[in-house]
Amino acid sequence: MSGGPVHRVAGLLAIAAVLFGHTQPAFAYLKFGLEAGGREVTLKWTTTPVRYFVTDQTVGGISAADFQAATAQAFATWQSVPSASITYRFAGFTSSTPGDDDGRTTLGFLNEPALDRVLASTSFLVDNVTGALLEADIFFNSAFTWSVSKDGEPGKWDVQSIALHEIGHLSGLGHSAIGETQIVNGSRRVLSAGAVMFPIALGPGDISSRQLDADDVAGISDLYPDGDFNAATGSVSGQVTKNGQGVFGAHVVAFDPGTGEQIANFTLTRSGLFSIAGLRPGPHVIRVEPLDDADIESFFDSAEPVDLSFRAKFYERLVVVPRGGDSGSIQIAVSP
Amino acid sequence: MTGCLRAVVSGVRWTLATALAVLVPATAFAQQPSARRVEVGGNLRWLTGMTFKDVNATEGAFGGATRTVFRSSTTLDPAGCAEGRVAFGLLSALDLEGAIAFGRTHLTTRLTGDSEAPDAEVREPVTEYLLEGGVSAHLARWRKGRAVPFVSAGVGYMRQLHDGHTLVEGGQTWYAGGGLRYQKNEAGHGLRTAGVRLELRATILTGGLALDGSTHLLPAVIAGVFFHP
């Protein structure tokens with residue numbers, strides 16, 4: 001890979017293939033939504049633990065057992081979020097490969113050299129009538145070189161880090177835009193990421209993405225709330241406008257000046273409405289920006305009218321998040 | 001029968017106390033307050049504010065490095081509070097005191113160093129209620145005329161209302177301070193004595209009262225008047 005930029009596939013696109021092109025992001029968090037049986041459904045597991053299998057084959061010098069151990073670490077990281085209830089269970093090795101419609105959630109390698117910017121991808125099998133999630137497969141592209149070493153290996157992609165991102169998709173989370181990229185010689189290069197669900201990996205040899213960030217924790221807890229999560233946290237909602245019109249696709253970040261945590265979402269309606277849940281009660285700084293470097297495809301369908309032509313700004317007040325409630329709608333006017 | 005006896009004894013004690021109060025010279029009263037007296041007062045309390053640790057918005061970079069998106073610096077601004085105070089004489093040089101204070105201030109966050117957004121200062125209103133109880137000791141040994149130094153210590157409970165009633169935080173406080181009392185002989189208008197009081201006080205806040213959840217020292221200046229009704 002020699003330091004070249006590599007995209008993880010956008011989960012929304014993977015869903016689109018299953019659902020014949022119809023996707024609709026659910027309001028409040030960039031989690032996956034779909035229309036089934038004439039109603040909008042949030043894509044999530046209704047039965048836990050989520051049972052998963054691992055393809056029984058050695059690829060690129062990595063045995064099935066070593067691969068399973070690395071991915072188990074990633075599953076354990078998501079499962080250890082105290083405010084989320086989702087659990088996972090390794091069900092065994094299988095001869096199936098990711099992508100087989102066999103009702104088995106399967107992780108494994110596939111050799112896809114044509115996907116030269118895709119490290120790994122998650123795809124779903126969904127009941128079109130009930131919206132039930134039947135299966136979610138993760139393939140790791142063996143066209144790249146991989147490592148399961150505890151300390152990582154230079155020049156090799158870390159299975160555990162990439163698995164952590166893909167298991168976020170498998171659980172129902174979309175991409176987070178908390179991060180920064182830049183275009184170098186026509187290619188996108190990631191400078192930094194503030195969430196495991198950021199769509200671009202930092203680079204081969206890096207193992208710093210084995211830990212979840214606040215945005216990831218809030219997302220998984222919002223999908224699978226445990227205990228008093230909803231009562232102990234709050235939300236910020238509002239509307240972003242430009243010249244009096246709603247702004248679609250604006251990235252809105254809630255920053256906690258007490259902890260430094262950043263949790264974000266987008267304006268997901270044409271009237272510019274947004275909602276950010278899972279916030280610690282207390283004052284928050286709200287920052288609005290256009291999508292970074294026009295990287296639309298990782299977050300939205302290309303047909304969506306994402307507005308990129310406005311300037312980043314801080315909302316002019318500290319917004320207080322109540323315990324178990326919403327801040328009340330705030331109005332943020334941005335300038336072209 | 002027993003109840004009647006107690007009532008009689010109690011009456012005698014009050015009679016003696018009243019007689020003593022009338023008989024002792026006024027200057028002596030000022031310098032050596034008697035037990036059982038009641039003192040009420042009104043104060044202005046100036047809370048000097050708190051500065052919290054700077055917190056940056058950061059993102060992870062390759063190899064575990066971090067990149068700062070912007071910097072934030074937050075303060076609880078100084079606040080003037082109105083305060084009511086009442087004290088009861090426990091001993092000749094020791095008072096049991098209680099106070100309730102109310103004030104309004106702002107939490108202010110300054111945002112700098114963002115390469116995309118201009119620097120900004122954002123605020124939210126905070127209303128504070130403080131209920132305190134403790135003791136105050138008169139240091140008659142170091143008196144200067146009618147001015148008597150004192151020290152105080154106690155515990156309290158602070159309640160903060162953020163942005164109206166959007167969020168209510170509460171927590172325990174501790175305080176210690178010291179100052180000077182200056183007492184007039186005759187207050188007039190049916191009051192036996194009156195005086196002024198100045199105190200420097202350090203209040204310790206914990207838990208949810210501080211933005212960062214850590215313990216903070218909040219210095220205060222308290223000035224006011226008191227009366228002995």
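None of these values were measured; they are calculated from a predicted model.

Rules of the game
- Residues numbered from 1 in each chain as written.
- Chains lettered and ligands numbered in written order.
- Predicted model: local features only at pLDDT ≥ 70, side-chain atom pairs only at ≥ 80, totals over all residues.
- Helix = DSSP H or I, 4+ residues; strand = E, 2+ residues; numbered from the N terminus.
- Rg over C-alpha atoms; globule rule 2.2 N^0.38 Å.
- Buried ≥ 20, exposed ≤ 12 C-beta atoms within 10 Å, placed from the backbone.
- Contact = placed C-beta atoms within 7 Å.
- Pairing = 2+ DSSP bridges.
- Core = buried A, V, L, I, M, F, W, Y, C linked by C-beta atoms within 7 Å.
- Nonpolar A, V, L, I, M, F, W, Y, C, P; charged D, E, K, R; others polar.
- Expected span 1.5 Å × (residues − 1).
- Axes fitted to C-alpha atoms, helices over the stretch in contact; angles between N-to-C directions.
- Domains from an automatic or database assignment.
- pLDDT = per-residue confidence, 0-100.
- Parallel < 35°, antiparallel > 145°, perpendicular 65-115°, else oblique.
- Left-handed = near helix turned anticlockwise from the far one by under 90°.

Would you mind going over the overall build of chain A with me for this structure?
For chain A, the count of helices and strands is five helices and 20 strands. Radius of gyration (C-alpha) of chain A: 19 Å, near the 20 Å computed for a compact globule of 336 residues. Overall, chain A is about 55 × 45 × 40 Å in size when its C-alpha atoms are taken along their principal axes. For chain A, the proportion of its 336 residues judged to be buried stands at 52%. Of the contacts made within chain A by residues no fewer than 6 positions apart, 68% connect residues no fewer than 24 positions apart.

When you look at the overall build of chain B in this model, what are you seeing that I'm missing?
Scanning chain B from terminus to terminus reveals two helices and eleven strands. Mapped from its N terminus to its C terminus, chain B presents α and β elements in the order α-α-β-β-β-β-β-β-β-β-β-β-β.

Is there a simple way to explain unusual backbone geometry in this structure?
Excluding glycine, residues mostly carry a negative phi; peptide bonds, for their part, are mostly trans. With an omega of 5°, the peptide bond running from A:T48 to A:P49 counts as cis. If you check the backbone angles, A:N243 has positive phi at about 50° while not being a glycine. Topologically, A:N243 is positioned in the loop between strand 12 (234-242) and strand 13 (245-246). Residues other than glycine seldom take positive phi values, yet B:D163 does so here, at roughly 50°.

I would appreciate a short explanation of the pairing of strand 6 (residues 94-112) of chain B in the present structure.
Where a strand is regular, its side chains alternate between the two sheet faces. All names here are of chain B. Bridging between strand 4 (residues 66-76) and strand 6 involves six bridges; their strand directions are antiparallel. Its bridge partner being in strand 6, T75 is matched across the sheet by T108. Examined bridge by bridge, strand 5 (residues 79-91) and strand 6 share ten bridges and lie antiparallel to one another. Across the sheet, A82 pairs through a bridge with F102, a residue of strand 6.

How do you make sense of the nonpolar core when you look at a structure like this?
The tendency in soluble globular proteins is for nonpolar side chains to be buried side by side. Residue and element names in this part refer to chain A. Core analysis: the biggest nonpolar cluster contains 110 residues, and V252, A254, I276 and I286 have the highest contact counts within it. With six residues, helix 3 (residues 159-171) is the largest single contributor of residues to this core. What A254 contacts, discounting residues up to four positions off in sequence, is V236, I263, A264, I276, L279, H284 and I286.

When you look at the interface of chain B and chain A in this model, what are you seeing that I'm missing?
Taken together, the 29 residues of chain B in the interface contact 33 residues of chain A. When residues of the side of chain B that touches chain A are traced back to their parent elements, those giving at least two are strand 3 (55-60), strand 4, strand 6 and strand 7 (120-138) of chain B. Tallying contributions element by element places strand 3 of chain B first for the side of chain B that touches chain A, with six residues. For the side of chain B that touches chain A, the residue count by class is eleven nonpolar, eleven polar and seven charged.

Where do I start with helix 3 of chain A in this structure?
A turn of α-helix holds 3.6 residues, and therefore any two residues three or four places apart point the same way. Residues and elements named next belong to chain A. Given a rise of 1.5 Å per residue, 13 residues ought to cover 18 Å, and the 18 Å separating the end C-alpha atoms of helix 3 matches this to within 8%. Along helix 3, 13 of the 13 residues are buried, which leaves the element largely enclosed by surrounding structure. At the exit of helix 3 stands G172, carrying a positive phi of roughly 120°.

Even after reading the chapter, I still don't get the sheet that holds strand 5 (residues 105-110) of chain A, so can you show me in this structure?
Backbone-to-backbone hydrogen bonds join strands into a sheet, with any given pair of strands oriented parallel or antiparallel. Residue and element names in this part refer to chain A. The strand order 4-3-5-7-6 describes an open sheet built from five strands, whose pairing is mixed. The sheet is open, and its two borders are formed by strand 4 (88-94) and strand 6 (120-126), each paired with just one other strand. For this sheet, the mean angle separating the axes of adjacent strands, direction not counted, is 25°. One ladder, built from four bridges, connects strand 5 with strand 7 (residues 133-141); its direction is parallel. Counted as the bridge partner of L107 is I138 from strand 7.

I would appreciate a short explanation of the domain arrangement of chain A in the present structure.
A common way to express how large an interface is: the accessible area buried when the components associate. All names here are of chain A. For chain A, the assigned domains read domain 1 (11-220) and domain 2 (230-334). Here domain 1 and domain 2 have C-alpha centroids that lie 25 Å from each other. The interface is formed by 21 residues belonging to domain 1 together with 19 residues belonging to domain 2. For the side of domain 1 that touches domain 2, the elements supplying multiple residues, two or more each, are strand 10 (179-184) and helix 4 (214-223). With four residues, the top contributor of residues to the side of domain 1 that touches domain 2 is strand 10. Split into classes, the residues belonging to the side of domain 1 that touches domain 2 amount to twelve nonpolar, six polar and three charged.

So what exactly am I meant to see when it comes to the environment of A:R210 here?
Residues and elements named next belong to chain A. Along the chain, R210 falls in the loop between strand 11 (187-193) and helix 4. Under the C-beta neighbour-count criterion, R210 is labelled partly exposed, with 17 such atoms within 10 Å. Each C-alpha atom, one on R210 and one on R89, is 19 Å from the other, the two residues being 121 residues apart in sequence.

I would appreciate a short explanation of the confidence of the model for chain A in the present structure.
Looking at chain A, the pLDDT average stands at 87 and 90% of residues meet or exceed 70. Across residues 1-29 of chain A, confidence stays below pLDDT 50; counting only partners more than four residues off in sequence or on other chains, it has 79 contacts.

Help me understand the environment of B:M50 in this model?
With respect to the secondary-structure elements, B:M50 resides in strand 2 (residues 50-51). When sequence neighbours within four positions are dropped, the list of residues in contact with B:M50 reads B:T75, B:L76, B:A210, B:H216 and B:L218.

Looking at this structure, I do not really get the packing of helix 2 (residues 64-79) of chain A against helix 3 of chain A. What am I missing?
Axis angle and axis distance: for two packed helices, these are the angle between their axes and the distance between the axes, and together they describe the pair. Residue and element names in this part refer to chain A. At a closest axis distance of 8 Å, the pairing of helix 2 and helix 3 adopts a crossing angle of 55°. Comparing the axis directions of helix 2 and helix 3 gives the class oblique. For helix 2 against helix 3, the interelement crossing comes out right-handed. Facing F67, A70, T71, Q73, A74, F75, T77 and W78 of helix 2, the residues of helix 3 in contact are V159, Q160, A163, L164, I167 and S171. Of the residues assigned to the contact of helix 2 with helix 3, the class counts are nine nonpolar, five polar and no charged.

Can you help me understand the environment of A:G103 in this one?
All names here are of chain A. Summarising the element assignment, G103 is placed in the loop between strand 4 and strand 5. Residue G103 is classed as exposed on the basis of its C-beta count, with 10 C-beta atoms lying within 10 Å. Along the chain, G103 and I178 lie 75 residues apart, while their C-alpha atoms are 34 Å from each other. When sequence neighbours within four positions are dropped, the list of residues in contact with G103 reads L134 and E135.

Got a minute to help me understand the pairing of strand 9 (residues 167-184) of chain B in this structure?
Residues and elements named next belong to chain B. Relative to strand 9, strand 8 (residues 147-162) is paired through 16 bridges, and the arrangement is antiparallel. Across the sheet, Y157 pairs through a bridge with Q172, a residue of strand 9. With antiparallel pairing between neighbouring strands as the criterion, strand 8 and strand 9 make up a hairpin whose turn holds four residues, including D163 at a positive phi of roughly 50°. Across twelve bridges, strand 9 lies against strand 10 (residues 193-205) in antiparallel orientation.

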